Amino acid sequence: VQLVQSGGGLVQAGASLRLSCAASGGAFSNWAMGWFRQVPGKEREFVGAISFTGSMTYYVDSVKGRFTISRDNAKNTVSLQMTSLKPEDTAVYYCAAGTAWYQPRTHEYPYWGQGTQVTVSL
């Protein structure tokens, strides 16, 4: 499975951004999808996940109510809609494909997108 990300950029605090992740090379509905983020010098952090059909989502407390994960299995895409962005959301964001729903650990995901930078300024 190949994952190609798009979106991201530089925004001011309070703004919104949408990240997308397009999958190819396999049956997309066979993969649960996760989003992670990483800042320099820190481990990659789990942000949230969406189940195979999109019927279930999970978010870490720091983004709950502000971020929304969705997927379109017909288009082989998963998205991360981010609202009310804060400077502490600044990171490189990654989408990842895994075989089990709701896996917060990076080693549970065999396939990763290339990462996209999100920078939130004051």
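For the structure itself, look to the data block above.
Residues numbered from 1 in each chain as written. Predicted model: local features only at pLDDT ≥ 70, side-chain atom pairs only at ≥ 80, totals over all residues. Heavy atoms only, no water.

## Some points on the side chain of glutamine 103
The condition is simple: Numbering of helices and strands runs from the N terminus; a helix is a DSSP stretch of H or I covering at least four residues, while a strand is a stretch of E covering at least two. Between N or O atoms, a polar contact is any pair within 3.5 Å; within protein, one atom must be a potential hydrogen donor and the other a potential acceptor, and residues adjacent in sequence are included only when both atoms are from side chains. By the convention used here, residues are in contact when the closest approach between their heavy atoms is within 4.5 Å.
Within the secondary structure, glutamine 103 sits in the loop between strand S9 (91-98) and strand S10 (111-112). Side chain to side chain, glutamine 103 and arginine 105 meet in a polar contact 3.3 Å long. Beyond its immediate chain neighbours, meaning those up to four positions away, glutamine 103 contacts Phe36, Phe46, Glu108 and Tyr109.

## As for unusual backbone geometry
A positive phi angle, close to 45°, is found at serine 84, a residue other than glycine. Positionally, serine 84 belongs in the loop between strand S8 (77-82) and S9. The backbone phi angle of tyrosine 102 is positive, close to 55°, even though this residue is not glycine. By the element assignment, tyrosine 102 lies in the loop between S9 and S10.

## A closer look at the environment of serine 6
Structurally, serine 6 is set in strand S1 (residues 2-7). Taking the C-alpha atoms as reference points, serine 6 and serine 20, 14 residues apart in sequence, are found 5.2 Å from one another. Setting aside its immediate chain neighbours within four residues, serine 6 contacts Arg18, Leu19 and Ser20.

## Comments concerning the pattern of salt bridges
Quick note on the threshold: Whenever Lys or Arg places a side-chain nitrogen within 4 Å of a carboxyl oxygen from Asp or Glu, that contact is recorded as a salt bridge. Type-normalised accessible area, obtained with a 1.4 Å probe on protein chains alone, sets the label of each residue: buried when under 20%, exposed when over 50%, and partly exposed for intermediate values.
One pass over the structure, following the stated rule, counts five salt bridges. The salt bridge involving glutamate 45 is made with arginine 37; its shortest N-O contact spans 2.8 Å. Take arginine 37: its relative accessible area is 7%, and that puts it in the buried class. Two residues, glutamate 108 and arginine 105, come together in a salt bridge whose shortest N-O distance is 3.4 Å. For glutamate 108, a relative accessible area of 28% translates into the label partly exposed.

Read these as geometric descriptors, not functional statements.
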